Amino acid sequence: MKILAGTETLQTDPNFSAVVRDKSGQPIELCYQCQKCATGCPVSHHMDYHPNQILRMISFGLKDRVLTSSAIWLCSACETCGVRCPNGIRISEVMDALRVMSTANNLSRAKHTESFHRIFLQEVRARGRVHEAKLMAKYKLKSGQFFTDLDLGLQMFKKGKLPLIPRGIKNKKEVRDIFTRSEISREGGK
Ligand code: SF4
Ligand code: SF4
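What counts and how
- Residues numbered from 1 in each chain as written.
- Chains lettered and ligands numbered in written order.
- Predicted model: local features only at pLDDT ≥ 70, side-chain atom pairs only at ≥ 80, totals over all residues.
- Heavy atoms only, no water.
- Phe/Tyr/Trp six-rings, centres within 6.5 Å; stacked < 30°, edge-to-face > 60°.
- Helix = DSSP H or I, 4+ residues; strand = E, 2+ residues; numbered from the N terminus.
- Near = heavy atom within 4 Å.
- Nonpolar A, V, L, I, M, F, W, Y, C, P; charged D, E, K, R; others polar.
- Buried < 20%, exposed > 50% of the residue type's maximum accessible area, 1.4 Å probe, protein only.
- Contact = heavy atoms within 4.5 Å.
- Core = buried A, V, L, I, M, F, W, Y, C linked by side-chain atoms within 4.5 Å.
- Expected span 1.5 Å × (residues − 1).
- Axes fitted to C-alpha atoms, helices over the stretch in contact; angles between N-to-C directions.
- Parallel < 35°, antiparallel > 145°, perpendicular 65-115°, else oblique.
- Left-handed = near helix turned anticlockwise from the far one by under 90°.

With that out of the way, let us pick up the packing of aromatic side chains. As enumerated under the stated definition, the model contains one aromatic pair in all. With centroids separated by 5.4 Å and ring planes inclined at 80°, the aromatic side chains of Phe 116 and Tyr 139 adopt a geometry described as edge-to-face. Placement of Phe 116 in helix 8 (residues 111–127) and of Tyr 139 in helix 9 (residues 132–143) is noted, with a sequence separation of 23 residues between them.

Moving on: the site of ligand 2. Taken together, Cys 41, Pro 42, Val 43, Pro 51, Cys 75, Ser 76, Ala 77, Cys 78, Glu 79, Thr 80, Cys 81 and Ser 92 form the complete shell of residues around ligand 2. Tallied by class, residues from the shell around ligand 2 come to eight nonpolar, three polar and one charged.

As a further point, take the side chain of Lys 140. Take Lys 140: it is sitting in helix 9. Relative accessible area serves as the criterion here: at 14%, Lys 140 is assigned to the buried category. Each residue touching Lys 140, except ones within four places of it in the same chain, is listed here: Gln 145, Phe 146 and Thr 148.

Mapped onto the elements of the fold, Ser 24 is located in helix 1 (residues 16–24). Using a relative accessible area of 8% as the deciding quantity, one classes Ser 24 as buried. Ignoring any residue separated from it by four or fewer positions in sequence, one finds Ser 24 in contact with Glu 93, Val 94 and Ala 97.

Glancing now at the nonpolar core. Among the nonpolar cores identified, the biggest contains 27 residues, and Phe 16, Val 20, Ile 54, Ile 58, Val 66, Met 95 and Leu 98 are the most heavily contacted of them. Contributing elements (two or more residues each) for this core: helix 1, helix 3 (51–60), helix 4 (63–67), helix 5 (71–74) and helix 7 (91–104). Among the elements that make up this core, the one with the highest residue count is helix 7 (five residues). Apart from the residues within four sequence positions on either side, Leu 98 is in contact with Phe 16, Val 20, Ile 54, Ile 58, Val 66, Leu 67 and Ile 72. Listed in part, the seven residues of the second largest apolar core include Ile 119, Val 124, Leu 135 and Tyr 139.

The next point concerns helix 7. Since the α-helix advances by 3.6 residues per turn, residues separated by three or four positions end up pointing in the same direction. Here helix 7 spans 20 Å end to end across 14 residues, near enough to the 20 Å set by a 1.5 Å rise per residue. Restricting attention to buried positions, one finds in helix 7 the residues Ile 91, Ser 92, Val 94, Met 95, Ala 97, Leu 98, Arg 99, Met 101 and Ser 102. Positioned one or two residues after helix 7, Asn 106 has a phi angle of 55°, which is positive.

To continue, consider the packing of helix 3 against helix 7. As a packed pair, helix 3 and helix 7 sit with axes 11 Å apart at the nearest point and diverge in direction by 60°. In terms of axis orientation, helix 3 runs oblique to helix 7. Like other packed secondary-structure pairs, helix 3 and helix 7 cross with a definite hand, here left-handed. Across the interface between the two elements, Pro 51, Ile 54, Leu 55 and Ile 58 of helix 3 pack against Ile 91, Val 94, Met 95 and Leu 98 of helix 7. Considered class by class, the residues forming the contact of helix 3 with helix 7 number eight nonpolar, no polar and no charged.

Written out as structure tokens, the structure reads:
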């Protein structure tokens, strides 16, 4: 279906809202746009659409616009919105589902953010925790953004936030098992 929005014609998918609800397990139809989620979100000012706007666009079936947004990749899953929402909607779960759908449909335009996300998860899976210096080195190599944030990196290094020697955790296998279980569940197993 197509709808007119100002001078723009937007393609809509009438099933999108139901699919997101199923995949996220969240009662997104209960959202009444109070915006408590957006006012508490620590990264909403960097997002192209605020969390409540993402929910509104889902209910309108604006699949492409939602799945190409930067907001779904910038959500840090801090759960602030879920705690504040009067209807108990956990937007971090919704964002998770949207990231999976965006990747599956090859619609992500936030390639650098997606790339950072993937490297972060690879590191956690392999070591049980992130080695910040290695994470940044891998990300720089992958993105080609060698000279951005150098000042910030130096400040973090001086404050001991980028240790050179990696630290591991005791129960790496348990962390790997979590990844394996989530992959099996995503593929439709138990
Ligand atoms: S806090 Fe909940 S009800 Fe309010 S806009 Fe956000 S998601 Fe919707
Ligand atoms: S979970 Fe995501 S959308 Fe919700 S407040 Fe945190 S960063 Fe914002």
